[in-house]
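As a plain string of letters, each chain reads:
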Amino acid sequence: GIEKKRRDPKAVHELFAAVEHGDLERAIAVGNESNDYVAHAMAYALQERDKSLTDALLLASSEEIKRYKRGLPILDTIITLAPLLGLLGTITGMIGSFSILGGELGAPAAITGGIAEALIATGYGLLIAITALLPFNYLNSRLDEARHDIEAAATKLELLMRSPAPASGPQDEKRERDPIPVYDVVPIGV
């Protein structure tokens, strides 16, 4: 939720526009000033492009994705552990009920009380797991979306960096004045 609100597609667009025009320093500045995780990752990759743009993109994307994964292991543990603790409560409740059952048969309330305690433990365990599963799935879908956004931007950045940047100003005039190569033409029959 918070990361989605902090998205700034305009900054990403501005970063790519600066890269297209060959102004990498401007692109890096735009990415560093933005709160957008895609712009941040692209700016980091551009800063480290001398080593390897691909490696820098992978490192930057893994750092941004790591932020998305912060609470997921805790939720995953809760989802796994809560039903198990509920089952443990069920087992201890049933053991208590059977020990009463083995001792005196004249206490049906004590026996049913132990079974009720066992079922309550299971119910709470399942309730906690189900409650934690909803944000877990939501956050996983946001993680997948963030991973896709960064991968798409990384691909676009790699393509932009491979294509030659358009020249501006006097270089354009020079490019237009470059002579077209002339090949020696030998007339036939001379």
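In this text, all values refer to a predicted model and were calculated from it rather than measured experimentally. (Residues numbered from 1 in each chain as written. Predicted model: local features only at pLDDT ≥ 70, side-chain atom pairs only at ≥ 80, totals over all residues. Heavy atoms only, no water.)

Moving on, we get to the packing of helix α4 (residues 37–47) against helix α5 (residues 49–68). Helix packing for two helices is described by the angle between their axes and how far apart those axes are. Orientation of α4 relative to α5, taken along the N-to-C sense of each, is 150 degrees, at an axis distance of 7 Å. Regarding the angle of α4 to α5, the classification is roughly antiparallel. α5 is crossed by α4, and the crossing has right-handed handedness. Together, Tyr37, His40, Ala41, Met42, Tyr44, Ala45, Leu46 and Gln47 of α4 and Arg49, Leu53, Ala56, Leu57, Leu59, Ala60, Glu64, Arg67 and Tyr68 of α5 make up the contact between the two elements. (Axes fitted to C-alpha atoms, helices over the stretch in contact; angles between N-to-C directions. Helix = DSSP H or I, 4+ residues; strand = E, 2+ residues; numbered from the N terminus. Parallel < 35°, antiparallel > 145°, perpendicular 65-115°, else oblique. Left-handed = near helix turned anticlockwise from the far one by under 90°. Contact = heavy atoms within 4.5 Å.)

Locating Leu157 in the fold gives a position in helix α7 (residues 108–162). Taking the C-alpha atoms as reference points, Leu157 and Leu46, 111 residues apart in sequence, are found 8.9 Å from one another. Each residue touching Leu157, except ones within four places of it in the same chain, is listed here: Phe16, Val19, Met42, Ala45, Leu46, Leu53 and Leu57.

Turning next to the pattern of salt bridges. For the structure on display, the rule yields five salt bridges. Here Lys66 makes a salt bridge to Glu63, at a shortest N to O gap of 3.5 Å. Taken together, the residues span about one helical turn, with Lys66 and Glu63 both in helix α5 at a distance of three residues. Classification of Glu63 by relative accessible area gives partly exposed; the value is 40%. Arg147 is the partner of Asp144 in a salt bridge, and the nearest nitrogen-oxygen pair spans 3.3 Å. Separated by three residues within a single helix, Asp144 and Arg147 lie in helix α7, roughly one turn from each other. (Salt bridge = Lys/Arg side-chain N within 4 Å of Asp/Glu carboxyl O. Buried < 20%, exposed > 50% of the residue type's maximum accessible area, 1.4 Å probe, protein only.)

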